[in-house]
Amino acid sequence: MTNNQLAQLVIRIGLGINMLMHGLVRLPKLSAFVTKMEAGFASTILPALLTRAFLYTLPFVELAIGVMILLGGQFTKWGYFAGGLVIAALLFGTTLKEDWAGAGLQMTYVVAFYLALRGLDSSGRGRFR
């Protein structure tokens, strides 16, 4: 394996496990997670129903994204893309709350998903074989 192939594997495993575990650990305590997170959005313009629906869906989406990334092949490309979209949605909510430290952390995920996608060629496989 080349250094570039190893780098692509490292970012794929890291992002895949991160997203998988974000979803997996929240599922057993889903109601508590939603209640805790929902309270932080009470002062924003987001409707409570929309916030609750998003928060109940989020762990399942994170879990699915993690699985897609870890499976590899074409799944990886779409997992990275979906992960970037989820982070964009989270970033929107975080900035509505004016949580700039949280937004800064989420921007590291934006960069990670960007770099991971840049490492793929048009077929969805690692550009460096």
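Residues numbered from 1 in each chain as written. Predicted model: local features only at pLDDT ≥ 70, side-chain atom pairs only at ≥ 80, totals over all residues. Heavy atoms only, no water.

All right, on to the side chain of Thr-94 then. Here Thr-94 lies in helix α4 (residues 74–96). The class of Thr-94 is buried, set by a relative accessible area of 8%. Setting aside anything within four residues of it in sequence, one finds Thr-94 in contact with Asp-99, Gly-102, Ala-103 and Gln-106. (Helix = DSSP H or I, 4+ residues; strand = E, 2+ residues; numbered from the N terminus. Buried < 20%, exposed > 50% of the residue type's maximum accessible area, 1.4 Å probe, protein only. Contact = heavy atoms within 4.5 Å.)

To continue, consider unusual backbone geometry. The phi torsion at Glu-98 lies on the positive side, around 60°, for a residue other than glycine. With respect to the helices and strands, Glu-98 occurs in the loop between α4 and α5 (100–118).

This part covers the layout of surface pockets. Considered as a void within the structure, the largest pocket measures approximately 560 Å³ in volume. In terms of lining residues, the largest pocket is bounded by 27 residues, among which Met-37, Leu-58, Leu-90, Thr-94 and Gln-106 are the most central. Per element, the largest residue contribution to the lining of the largest pocket is seven residues, and it comes from α4. Across the lining of the largest pocket, the residue classes tally to 16 nonpolar, seven polar and four charged. (1 Å grid on protein atoms, 1.4 Å probe; cavity = no way out; pocket = protein on both sides within 12 Å on 5 of 7 lines; lining within 4 Å. Points joined across faces, edges and corners; volume = space filled by probe spheres on them. Nonpolar A, V, L, I, M, F, W, Y, C, P; charged D, E, K, R; others polar.)

On inspection of all chains with the given rule, the structure shows two salt bridges. As a salt-bridge pair, Glu-62 and Arg-26 come within 2.9 Å of each other at their nearest N and O atoms. Taken together, the residues Glu-62 in helix α3 (residues 48–71) and Arg-26 in helix α1 (residues 3–26) connect sequence positions 36 residues apart. Of the two residues, Glu-62 and Arg-26, both sit in the buried class. Taking the shortest distance from any N to any O, the salt bridge between Arg-52 and Glu-38 comes out at 2.6 Å. On the criterion of sequence distance, the pair formed by Arg-52 in helix α3 and Glu-38 in helix α2 (residues 30–39) is long-range, its members being 14 residues apart. (Salt bridge = Lys/Arg side-chain N within 4 Å of Asp/Glu carboxyl O.)

Those residues of α2 that sit buried are Leu-30, Phe-33, Val-34 and Glu-38. The arc that holds the buried residues of α2, viewed along the axis, is 120°, so those residues lie on one side. Turned more than 90 degrees from where α2 packs its buried face, Ala-32, Thr-35, Lys-36 and Ala-39 sit exposed. (Arc of directions from axis to C-beta.)

Looking now at the packing of α3 against α4. One can describe the packing of α3 onto α4 by two numbers: an axis separation of 8 Å at closest approach and a directional angle of 150°. Our classification of the angle between α3 and α4 gives roughly antiparallel. Classified by chirality, the crossing of α4 by α3 is left-handed. Contacts between α3 and α4 involve Phe-54, Leu-58, Val-61, Ile-65, Met-68, Ile-69 and Leu-71 from the first element and Phe-75, Thr-76, Trp-78, Gly-79, Tyr-80, Ala-82, Gly-83, Val-86, Ala-89 and Leu-90 from the second. (Axes fitted to C-alpha atoms, helices over the stretch in contact; angles between N-to-C directions. Parallel < 35°, antiparallel > 145°, perpendicular 65-115°, else oblique. Left-handed = near helix turned anticlockwise from the far one by under 90°.)

On their own, these measurements won't tell you what the molecule is for.
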